[in-house]
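Residues per chain, in single letters:
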Amino acid sequence: MALKITVIGTGYLGATHAAAMAELGFEVLGLDVVPEKIEMLQRGEVPMYEPGLEELLRRHVAGIEGASGRLRFTTSYEEAGAFGDVHFICVNTPQKHGEYACDMSYVESAFDALAPHLTRPALVVGKSTVPVGSAARLAERLAAAAPAGADVELAWNPEFLREGFAVKDTLHPDRIVVGVAGERGEELLREVYATPLAEGSPFIVMDYPTSELVKTSANSFLATKISFINAMAEVCEAANGDVVKLAEAIGHDERIGKKFLRAGIGFGGGCLPKDLRAFMARAGELGADQALTFLREIDSINMRRRGHMVELTRDALGGGGFLGKRVAVLGATFKPDSDDVRDSPALNVAGQIHLQGGQVTVYDPKGMENARRLFPTLGYADTALDAVRGADVVLHLTEWREFRELDPATLGDVVAERRILDGRNALDPDLWRKAGWTYRALGRPKA
Ligand code: UDX
């Protein structure tokens, strides 16, 4: 009989995973402790913006016309325990307030709430990003609290999905990493992932600590790559070089590669920044802090980008203060094709300029609601054109396609000054300059 799967936590990761498991043919029960989220999902609505996810969900949610009916939702752990053969834990592990370490309380509550309802053999699979050592500890806790005792196994199966590509990354993962303590965990996960395995996704089996480390080291590497090119951008600016050309040229070396070499205002989001910090905190606890001191530098190069963007804006406005200046900000989310504003460099820059007296107006295709909630005191406009109306300077801070397709002449008619600063090195400088704009970007010559 086909495995029955539960997915605990229905954020970007869990909602996508639940819909993807139903797409792969399994009966799925999604659980969240927030009843409003569950009500939305039951109606086939996704509580956030993720391309393709709503369509996928609507193909499977029970009660929706034409849907397979394989996907249902609940707030009851009792129901989840009775239903599932395999339970995926997909809750988040945010940064703790005032500390580098990550907050494990959601993971721990999920395990504690589920365990007493595990009365028959089951596999619990952690997908959340956790400090190394957590899985071993949670396995003991699970064995002690689950009525089925040794018939309940734990596996760790880190998730590498990128927001904006969550559906594709989940259905067609570039690798499946599995940390196990026994053979049953591996067997069951081979069954869960039979379809991507048949498509050729590599399946890499290892112990718990290595699987936990794979996730944090992958994110550290990606962050290092971005901060590397941003450090080169700083040098390029000092030497009047062009970081975009430099990245193109070094990217042809296969060992370096072209991806993740876009200089700009740096990385943000709910993963990269907090994962770096949690990794450093954990290494400290393990007595291996020296191994990761370089990550402190990666973090500070990244945070410097935001301040630098503010200074570049001040400079573009004549070097004085921001008082009385109108600043249009295109982009609020931490990356395009998402509505996520967590630790968004774009909003951080907008907020800093606002706090220094600038009149900031923000527009973002999908992130307006979340941005308003986080920064209610900023000005917001319904379109890019409205945002730039009367602006002394326009900042391009999230590389949405919509912004690349803007017509510089149309925008030029409504701004006070044709000045644009590209914080993502994603616009075509020639196009803007030809339309009479002063175009500047991080790490590129003034021209
Ligand atoms: C990341 C990892 O890529 C993913 O594997 C992991 O599971 C979760 O964290 P995500 O947070 O969705 O995914 O975003 P990602 O695409 O990695 O981008 C992170 C940040 O880096 C964004 O703010 C983006 O704008 C920035 N970035 C990316 C750059 O500044 N330059 C680049 O070249 C690439």
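In this text the structure is predicted, and so the values were computed from the model without any measurement.

(A) Looking closely at the domain arrangement of the protein. Taken domain by domain, the protein holds domain 1 (4-206) and domain 2 (242-447). Computed from C-alpha atoms alone, the centre-to-centre distance between domain 1 and domain 2 is 33 Å. Taken together, the 17 residues of domain 1 in the interface contact 18 residues of domain 2. Where domain 1 abuts domain 2, roughly 1,500 Å² becomes buried across the two surfaces, and 54% of that area is made up of carbon and sulfur atoms. Its largest share of buried area at the contact with domain 2, domain 1 owes to Tyr49, Tyr100 and Glu163, together 46% of the area lost on that side. Along the contact surface separating domain 1 from domain 2 lie one salt bridge.

(B) Seen up close, the pattern of salt bridges. As enumerated under the stated definition, the model contains 32 salt bridges in all. The partner of Asp85 in a salt bridge is Arg120, and the shortest N-O contact between them spans 2.9 Å. On the criterion of sequence distance, the pair formed by Asp85 in the loop between helix H4 (77-83) and strand S4 (86-89) and Arg120 in the loop between helix H5 (105-114) and strand S5 (122-126) is long-range, its members being 35 residues apart. In this structure, Arg401 and Glu405 form a salt bridge, with 3.2 Å as the shortest nitrogen-oxygen distance. By relative accessible area, Arg401 is classed as exposed at 56%.

(C) Here's a closer look at the pairing of strand S6 (residues 152-156). In terms of burial, S6 is a largely internal element, five of the five residues being buried. The alternating pattern of S6 places Val152, Leu154 and Trp156 and Glu153 and Ala155 on opposite faces, both of which are buried. The pairing of S5 with S6 spans five bridges and is classified as parallel. Each residue of the ladder has a partner; that of Gly126, found in S6, is Trp156. A crossover links S5 with its parallel partner S6, the connecting element being helix H6 (residues 134-145), and its sense is right-handed. Across two bridges, the pairing between S6 and strand S7 (residues 176-180) is antiparallel.

Quick notes on the rules
Residues numbered from 1 in each chain as written. Predicted model: local features only at pLDDT ≥ 70, side-chain atom pairs only at ≥ 80, totals over all residues. Heavy atoms only, no water. Domains from an automatic or database assignment. Contact = heavy atoms within 4.5 Å. Buried area = accessible area lost by both parts, 1.4 Å probe. Salt bridge = Lys/Arg side-chain N within 4 Å of Asp/Glu carboxyl O. Helix = DSSP H or I, 4+ residues; strand = E, 2+ residues; numbered from the N terminus. Buried < 20%, exposed > 50% of the residue type's maximum accessible area, 1.4 Å probe, protein only. Pairing = 2+ DSSP bridges. Right-handed = clockwise from strand over helix to strand, strands pointing away.

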